[in-house]
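Structural overview
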Amino acid sequence: MRRENIPEADKELWRRLAPAGEGAPQPVSELDFAAWLDGRLPEARAAAVEAAVASDPALRRAALELSELLGQPLPAAPSRLEVRARTLVGFEAERRQRRPGLLNWLLAGGRRFIVQRVATLAAAVVVAISGFVLGGGLGASWAKERYGALPDASTLSSGSGDPAEFLGSDGI
Amino acid sequence: MTELNQIDLRALQAGDKRTWDAFVGASAPLINAVVRRSLASYRLSEEDVLDAAQDVYVRLCTNGFRLLKTYDAARASLSTWLAVVARSAAIDHARRRRQPTQPLDEVPEARLAVEDRHVEKLKIPDGLLTNRQILILKYLYDEERDAAEVAKLLNIDAQTVRSTHHKALVRLRAHFQGKDP
């Protein structure tokens, strides 16, 4: 930990003071923060960023870390990182549009239209069920498909018992 | 090898594959360094760190390069902006994984000090110090940084930091004189 040679009396004075500038800092955009780090902001806007940085310990650390890194030579990145990053752009998979699922459709655009979407979905389900029931339901259609090709039971039992008819049907 | 400042931003934002590849090559050392530095206190595995760095690129190109399109070369250098974006993405990534840890000897004493709640703190009146003076005092006292580091951050020389600190203390002493600060 680095220490500036500061008189104890000054440290004591600072300890007696309430944290200055703390409260609800104005949010700082990434571009403004970068411009401030580059020293490119006009004085008034720089002061606003400095107030935000002063009031937020995380921003203070970020500013110091980034200013240290930006001024020094950097080691090469692992080749895996570059290979993986390159695959993100320019491949068919990236160009293909993803088809939204039902849940994505329901939640698309946040919660604003969720009631309308749920109502639409419920109406669709009611219409589908009604159509299904009016059509005879699964049992009737399944039975028709399963037994429709077989001869009717009444036909089997309605034989006349006439031997001539029996022989005739065999072509005799 | 292409430098970051040689990247054709328009082609990059339009999704040109060759420009993207050149951009990745030019930016990977910076993004890798920023992500590693930002995640140092999270004690993540090498795979997690690479995933976090990958997340930065995903963030840049997703939704038709929406984030990249917000970059304005007239306002900040591409490397500084990328460093800010990379740090922010890396910390978001790490927060989804685990809480940061910090060795006790790296924590500034000011943060470890037990606060005496019976002593009423004196409030610095608005306008007594400038934002820059407050920022410098915070770096010197709360973060326990030295003047050279603060000077580098603020693009000023260390002597200016010391004199700003001195002037701020003079104003504080003058204001609180007789108020037993």
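For the structure itself, consult the block above.
A few points on the structure. (Residues numbered from 1 in each chain as written. Chains lettered and ligands numbered in written order. Predicted model: local features only at pLDDT ≥ 70, side-chain atom pairs only at ≥ 80, totals over all residues. Heavy atoms only, no water.)

1. A word on the overall build of chain B
- Along its length, chain B carries eight helices and zero strands.
- Taking as baseline every contact in chain B between residues at least 6 positions apart, the subset at least 24 positions apart corresponds to 65%.
- For chain B, the exposed area adds up to about 9500 Å²; of that, 48% sits on carbon and sulfur atoms. (Helix = DSSP H or I, 4+ residues; strand = E, 2+ residues; numbered from the N terminus. Contact = heavy atoms within 4.5 Å. Areas by Shrake-Rupley, 256 points an atom, 1.4 Å probe, with all protein chains shown as cover.)

2. Observations concerning the environment of Ala14(B)
- Within the secondary structure layout, Ala14(B) lies in the loop between helix H1 (9-13) and helix H2 (17-38).
- A C-alpha to C-alpha distance of 9.2 Å links Ala14(B) and Lys69(B), two positions 55 residues apart in sequence.

3. Here's the deal with the interface of chain B and chain A
- On the chain A side, the residues contacting the 81 residues of chain B number 63 residues.
- Surface buried jointly by chain B and chain A totals about 6700 Å² across both partners, of which 60% is contributed by carbon and sulfur atoms.
- Arg37(B) is paired through a salt bridge with Glu68(A); the nearest N and O atoms lie 3.1 Å apart.
- The interface formed by chain B and chain A contains 23 residue pairs in polar contact (both at pLDDT 80 or more).
- Broken down by secondary-structure element, the contributors of at least two residues to the side of chain B that touches chain A are H2, helix H3 (46-69), helix H4 (78-97), helix H5 (109-112), helix H6 (131-142), helix H7 (147-154) and helix H8 (158-176) of chain B. (Buried area = accessible area lost by both parts, 1.4 Å probe. Salt bridge = Lys/Arg side-chain N within 4 Å of Asp/Glu carboxyl O. Polar contact = N/O pair within 3.5 Å; in protein donor to acceptor, adjacent residues only side chain to side chain.)

4. Some words on the pattern of salt bridges
- For the structure on display, the rule yields 15 salt bridges over all chains.
- Note that Glu143(B) and Arg60(A) form a salt bridge whose closest N and O atoms lie 3.1 Å from each other. Remark: Arg60(A) occurs in helix H4 (residues 57-70) and Glu143(B) occurs in the loop between H6 and H7; the pair is interchain, linking two chains.
- According to the relative accessible area criterion, Arg60(A) is buried, its value standing at 3%.
- A salt bridge links Glu149(B) to Arg145(B), with the nearest nitrogen and oxygen atoms 3.1 Å apart.
- Owing to a relative accessible area of 12%, Glu149(B) belongs among the buried residues under this scheme.
- Salt bridges sharing common partners tie together Asp32(A), Arg45(A) and Arg75(B). (Buried < 20%, exposed > 50% of the residue type's maximum accessible area, 1.4 Å probe, protein only.)

Keep in mind these numbers describe shape, not what the thing actually does.
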